[in-house]
Amino acid sequence: MNEAARPIVSLYRQILRAHYKCLPSPMRVLGDGYAREEFRRHLDSTSMTNDRWIEFASEWSRYLANVAPKEEGAGPKFTGELSKETIDAMSEEQRMMLRKLKEEAQSFGEAVKADEETK
């Protein structure tokens, strides 16, 4: 493993552990898959600059703090809202991935709701 990638891989492992400890199974599956794709895409990218790595790690660290807060007994903190600044800072590819994630989450939510109604 490239020595420079160690902190990023460590962050990825922390996220997977937080998903395992803090998220219900359906959210964990969705979160693990999304994180795996994002980290793989960025680790394989040849266009990542140092500034982009810092931003990438910063955003995922903030996500980790929301999934697994340090306060004793606190659960995940999710609002589902992204600021306009965050969306504006995204590339078109990232916005497309966000739309895809939103569609998948809504589809999954509708399937779960339909399943609960048939019980």
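Draft legend 1. Molecular detail of the overall build of the protein chain. The helix and strand inventory of the protein chain stands at five helices and zero strands. When its helices and strands are written in sequence order, the protein chain yields α-α-α-α-α. Looking at the protein chain as a whole, 20% of its 119 residues are labelled buried. Taking contacts inside the protein chain between residues at least 6 apart in sequence as the whole, the part at least 24 apart equals 55%. Total accessible area computed for the protein chain in this model is approximately 9000 Å², and 53% of it derives from carbon and sulfur atoms.

Draft legend 2. Focus on the packing of aromatic side chains. Applying the stated rule across the entire model yields seven aromatic pairs. Geometrically, the ring pair formed by Phe56 and Trp60 is tilted, given 6.3 Å between the ring centres and 55° between the ring planes. Here the residue Phe56 and the residue Trp60 both occupy positions in helix H3 (residues 50-67), the gap between them amounting to four residues, near one helical turn. Each member of the pair, Phe56 as well as Trp60, is classed as buried. One aromatic cluster is present, formed by Tyr12, Tyr34, Phe39, Trp53, Phe56, Trp60 and Tyr63 through successive ring pairs.

Cut-offs and rules
Residues numbered from 1 in each chain as written. Predicted model: local features only at pLDDT ≥ 70, side-chain atom pairs only at ≥ 80, totals over all residues. Heavy atoms only, no water. Helix = DSSP H or I, 4+ residues; strand = E, 2+ residues; numbered from the N terminus. Buried < 20%, exposed > 50% of the residue type's maximum accessible area, 1.4 Å probe, protein only. Contact = heavy atoms within 4.5 Å. Areas by Shrake-Rupley, 256 points an atom, 1.4 Å probe, with all protein chains shown as cover. Phe/Tyr/Trp six-rings, centres within 6.5 Å; stacked < 30°, edge-to-face > 60°.

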